[in-house]
Amino acid sequence: MTNLSPAPYVDLEELGRDYVKDLKPSFYKGVSPNTGQRIPFYNWMAISKDNIKQPLVQHYTDIINSPGGKKHFDRYS
């Protein structure tokens, strides 16, 4: 089926991978990076959901305008 398709299938993870692959962990002293809850005596090095979301939102139009992005957008909209 791939030979008949004009563009190869790309899943959503592959569409966004180039935009988040170079993210570096941030230091969260005593605070959970995803919930913001204070946790004493814990120091975190993490990539939070917001860190991942930011570049994807910034490049939303690039992702949607790619051939694979258009197919996913049409399917889910």
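Residues numbered from 1 in each chain as written. Predicted model: local features only at pLDDT ≥ 70, side-chain atom pairs only at ≥ 80, totals over all residues. Heavy atoms only, no water.

A. Structural context of the overall build of the chain. A tally of helices and strands in the chain yields four helices and two strands. Secondary structure elements in the chain, listed N-terminal to C-terminal, are α-β-β-α-α-α. At 17 Å, the chain has a C-alpha radius of gyration far larger than the 11 Å of a compact globule built from 77 residues. When the backbone C-alpha atoms are referred to their principal axes, the chain occupies close to 55 × 25 × 20 Å. In the chain, which comprises 77 residues, the proportion classed as buried is 21%. Partitioning the contacts of the chain with sequence separation of at least 6, the portion at a separation of at least 24 is 38%. Entry remark: accessible area of the chain is about 6,600 Å², with carbon and sulfur atoms responsible for 56%. Placing the 10 positive and 8 negative side-chain charges of the chain at their respective mean positions leaves the two points 7 Å apart. (Helix = DSSP H or I, 4+ residues; strand = E, 2+ residues; numbered from the N terminus. Rg over C-alpha atoms; globule rule 2.2 N^0.38 Å. Buried < 20%, exposed > 50% of the residue type's maximum accessible area, 1.4 Å probe, protein only. Contact = heavy atoms within 4.5 Å. Areas by Shrake-Rupley, 256 points an atom, 1.4 Å probe, with all protein chains shown as cover. Lys, Arg positive; Asp, Glu negative; His and termini not counted. Charge placed at Lys NZ, Arg CZ, Asp CG, Glu CD.)

B. Structural detail: the pattern of salt bridges. All chains considered together, the criterion is met by one salt bridge. The salt bridge partner of Glu13 is Arg17, with a shortest N-O separation of 3.5 Å. Of the two residues, Glu13 and Arg17 are both situated in helix α1 (residues 12-20); the distance of four residues between them amounts to about one turn of the helix. (Salt bridge = Lys/Arg side-chain N within 4 Å of Asp/Glu carboxyl O.)

C. Seen up close, the environment of Gln58. Relative to the helices and strands, Gln58 resides in helix α2 (residues 49-58). Overall, Gln58 belongs to the exposed group, its relative accessible area being 55%. The spatial distance from the C-alpha of Gln58 to the C-alpha of Pro40 is 34 Å, given a sequence separation of 18 residues.

In short, shape yes, function no, at least from these values alone.
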